[in-house]
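The primary structure of each chain is shown beneath.
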Amino acid sequence: MKQPFSDATFLASSAGAADMPPPGPPEIAFAGRSNVGKSSAINALLGRRRLAFTSKTPGRTQTLNFFALGEAARLVDLPGYGFARVPKAMRAQWQALVGAYIGSRRTLVGVVMIMDARHPLTPLDEQLLHFLGDVPLLVLLSKADKLTRKEQAAVLGAVATAVPGQARLFSSVTRQGVDECRSLLEQWLEQPGSGRRLE
Ligand code: GDP
């Protein structure tokens, strides 16, 4: 496969199950609490300065943002969660949108969840993990540059044993973990018949 992460273009924004683009190539979705470093991680993986430009204003309509990675894959940026003082109705909207996508998208091959290496596994992270069920998972422990080596090893060990998937340390500042993450995602995409069988 050509390197899909070097050829990203914006495809569509979707505010509900009804207006998602028709399923096509395998999709990898990115999720995480607001401000956790998700856009920076996506941009680091794609080698871009500003591709993921999702609005950060609390209260704005939340959307799924679809990007084409060449013709062989797609990246889906899920709306961030966990703003303080977000109205209940918006939380319900987030759950409906993300739940509909994760629960029904047969071309979804895996979810990358970004967690702050200093504050992993918040209650909202746990809720999202619960949503994922058996979807393949890679947890990136972001802003790892803010931790000492010893702290990094401790948090990696703790999270790796707590989540039903893989975990890696990540920093979009030092680029720690960027190349390794890219190769893990390429492996997801290369699996024959990648995509779930949802009947
Ligand atoms: P998002 O809301 O999850 O998309 O988060 P952003 O990517 O916009 O990042 C939120 C803030 O964290 C910004 O001020 C970034 O500069 C900072 N940030 C993101 N990634 C890193 C990282 O790896 N290391 C450090 N030190 N700061 C980061």
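Above this text sits the structure in question.
Residues numbered from 1 in each chain as written. Predicted model: local features only at pLDDT ≥ 70, side-chain atom pairs only at ≥ 80, totals over all residues. Heavy atoms only, no water.

Student: Lay out the environment of alanine 73 with the relevant residues and their values.
Tutor: By the secondary structure assignment, alanine 73 is in strand S4 (residues 73–77). As for alanine 73 and glycine 24, which are separated by 49 residues in sequence, their C-alpha atoms are 8.2 Å apart. (Helix = DSSP H or I, 4+ residues; strand = E, 2+ residues; numbered from the N terminus.)

Student: Please set out helix H3 (residues 123–132) residue by residue, giving values where relevant.
Tutor: Every buried residue of H3 is listed here: Asp125, Leu128, Leu129 and Leu132. One face of H3 carries all of its buried residues, which in axial projection span an arc of 105 degrees. Looking at H3, the residues exposed on the side facing more than 90 degrees away from the buried face are Pro123 and His130. Elements in contact with the buried residues of H3: strand S2 (27–32), helix H2 (88–104), strand S5 (108–116) and strand S6 (137–142). Immediately downstream of H3, the backbone of glycine 133 shows phi near 55 degrees, a positive value. (Buried < 20%, exposed > 50% of the residue type's maximum accessible area, 1.4 Å probe, protein only. Arc of directions from axis to C-beta. Contact = heavy atoms within 4.5 Å.)

Student: How would you summarise the site of the ligand if you had to cite specific residues and measurements?
Tutor: The environment of the ligand is made up of 15 residues, and the closest members are Asn35, Lys38, Ser39, Ser40 and Asp145. In the environment of the ligand, a nitrogen atom lies 2.7 Å from a nitrogen or oxygen atom belonging to the side chain of aspartate 145. Take serine 171: an N or O atom from its side chain is 3.5 Å from an oxygen atom of the ligand. Burial of the ligand by the protein chains amounts to 73% of its free accessible area of 580 Å². Taken together, the residues of the shell around the ligand sort by class into two nonpolar, seven polar and six charged. (Near = heavy atom within 4 Å. Polar contact = N/O pair within 3.5 Å; in protein donor to acceptor, adjacent residues only side chain to side chain. Areas by Shrake-Rupley, 256 points an atom, 1.4 Å probe, with all protein chains shown as cover. Nonpolar A, V, L, I, M, F, W, Y, C, P; charged D, E, K, R; others polar.)

Student: Now, about the side chain of glutamine 62: what can you tell me, with residues and values included?
Tutor: In this structure, glutamine 62 sits in the loop between helix H1 (38–46) and strand S3 (64–69). Side-chain polar atoms of glutamine 62 contact the backbone oxygen of glycine 80, separated by 3.5 Å. Discounting chain neighbours no more than four positions away, the residues touching glutamine 62 are Ser14, Ala15, Pro79, Gly80, Met90, Gln93, Trp94 and Leu97.

Student: So what about the packing of H2 against H3? Which residues, and what values?
Tutor: Their axes nearest at 10 Å, the elements H2 and H3 cross at an angle of 35 degrees. Handedness of the H2/H3 crossing: right-handed. Only Gln127, Leu128, Phe131 and Leu132 of H3 make contact with H2, whose side of the interface consists of Trp94, Gln95, Val98, Gly99 and Ile102. Across the contact of H2 with H3, the residue classes break down as six nonpolar, three polar and no charged. (Axes fitted to C-alpha atoms, helices over the stretch in contact; angles between N-to-C directions. Left-handed = near helix turned anticlockwise from the far one by under 90°.)

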